[in-house]
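# Structural description and commentary
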Amino acid sequence: MQTINASGLSLCLGGQPRLQQLSLQLHSGELLALLGHNGAGKSTLIKLLLGLYQPDSGSLTVLGDKPGRQPLQVGYLPENVSFYPQMQLGELLQYFADLKGINRRRVKQLLVDFGLEHCARQALSVCSKGERQRLGLAQALLSQPALLLLDEPTVGLDPLASAFMYQTLQTLRSQGCSIVVCTHELALVEPVLDQLLILDHGRVAACGTLPALQQQAQLPWRIQLPAGRAWHTDPLLAPWLCEQQLLFPVSLLPQISQRLTQHWHCIDYRLQSPDLGQLFRHFLADTTSELTLAEAV
Ligand SMILES: Nc1ncnc2c1ncn2[C@@H]1O[C@H](COP(=O)(O)OP(=O)(O)OP(=O)(O)O)[C@@H](O)[C@H]1O
């Protein structure tokens, strides 16, 4: 089932175009990584999906309906989550549950699932950043939504707490929940994403699956070679050799791997496709730190 269907969306705010001609399709159980530089329009897109902004042009459906029509089906964790500081953590989750007509059992379950039982009676003002972010995710999940919108969910979290957040997202995705996560934490989101959308000043710089965008970008793939072998003597490998690495176009992968295994009997090499950081820089046209194939050989 299609969770998000956007076509040709444009929106001006403050007299400036903030999103231009954006199209996107997301299906049940898919995770979309929403990436872009500061001010690219990521939060603006999330607000369009929530129905908080109306597009100037284009069409948008969320869960087959106008955005904002099915609030219980959409969970949202805002970028700068702020809760009433005097309230206790458990009390606040219960307050949100009451607003949404959700029973106490679900509140208790979420407190357990998110390891928040021990601080349920603590005032929000003394809870740690990690506890508040977990509460933020718990409140977004109260109604077991079909779509989860997360705006920078791991900002300020320690590596373990961030990893917990992404493990939770993976579980939710496997249960059929669609997720849009806006983040600058590329290494964390890379292993769990199904699609990525990179925004550049409100325009789509890239959209698709990781393999499709790797193909489109034509960045070099790498093989780290074991030391102590005369790799430079091989006419097939030599043009792509750069110190102890091969940097080559993906189209040559079958020939190169065959050469390594059959001619050199080498099976312990490490193959690296272009990672999300390289793709990000490529599509945002910051080529200063990007190693191009031409420079590499
Ligand atoms: N209500 C508004 N009125 C005018 N301009 C706005 C409004 N909301 C956002 N903007 C502007 O739109 C642009 C996109 O903002 P947005 O918050 O979507 O960026 P972002 O990609 O989420 O950035 P960041 O990574 O820094 O959070 C920014 O230049 C911002 O100043």
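If you're wondering where the values come from, they're calculated on a predicted model, not measured in any experiment. (Residues numbered from 1 in each chain as written. Predicted model: local features only at pLDDT ≥ 70, side-chain atom pairs only at ≥ 80, totals over all residues.)

### Let's talk about the UniProt feature "domain: ABC transporter" (unreviewed entry) in the chain
In the numbering used here, UniProt assigns the "domain: ABC transporter" (unreviewed entry) feature to residues 1-226. For residues 1-226, helix accounts for 32% and strand for 29%, while the C-alpha atoms at its two ends are 47 Å apart. (UniProt positions renumbered as here; feature names shortened; annotations may be inferred. Helix = DSSP H or I, 4+ residues; strand = E, 2+ residues; numbered from the N terminus.)

### Some thoughts on unusual backbone geometry
The phi dihedral of Gln-218 falls on the positive side, at around 55 degrees, and the residue is not glycine. As for its placement among the helices and strands, Gln-218 is situated in the loop between α7 (210-217) and β10 (221-224). Its identity as a non-glycine residue notwithstanding, Glu-243 has a phi of 55 degrees, on the positive side. Judged by the 7 C-beta atoms lying within 10 Å of it, Glu-243 is exposed. (Buried ≥ 20, exposed ≤ 12 C-beta atoms within 10 Å, placed from the backbone.)

### A short note on the site of the ligand
Around the ligand, the neighbouring residues are Leu-13, Gly-14, Arg-18, Gly-36, Asn-38, Gly-39, Ala-40, Gly-41, Lys-42, Ser-43 and Thr-44. Here the shell around the ligand takes 3 residues from helix α1 (residues 42-50), the largest share from any one element. Across the shell around the ligand, the residue classes tally to 2 nonpolar, 7 polar and 2 charged. (Near = placed C-beta within 6 Å. Nonpolar A, V, L, I, M, F, W, Y, C, P; charged D, E, K, R; others polar.)

### Here we look at the pairing of strand β12 (residues 245-248)
Sheet topology note: the β10/β12 ladder contains 4 bridges and is antiparallel. Along β12, the bridge assignment pairs Gln-224 with Gln-245. Where strand β11 (residues 241-242) lies against β12, 2 bridges are found, and the strand directions are antiparallel. In the strand pairing of β12, Leu-241 is matched with Leu-246. Here β11 hands over to β12 after 2 residues, with Glu-243 in that stretch at a positive phi of 55 degrees. (Pairing = 2+ DSSP bridges.)

### Digging into the sheet that holds β10
Spatially, 4 strands are ordered β11-β12-β10-β13 in an open sheet, and the strand pairing comes out antiparallel. A single partner strand is all that each edge strand has here, and the edge strands are β11 and β13 (270-272).

### Things to note about the domain arrangement of the chain
Domain boundaries assigned for the chain yield domain 1 (2-83 + 130-208) and domain 2 (217-296). Between the C-alpha centres of domain 1 and domain 2 the distance comes to 34 Å. At the interface, 8 residues of domain 1 touch 6 residues of domain 2. Elements represented by at least two residues in the side of domain 1 that touches domain 2 include exactly β8 (195-200) and β9 (203-208). Its residues assigned to classes, the side of domain 1 that touches domain 2 comprises 5 nonpolar, 1 polar and 2 charged. (Domains from an automatic or database assignment. Contact = placed C-beta atoms within 7 Å.)

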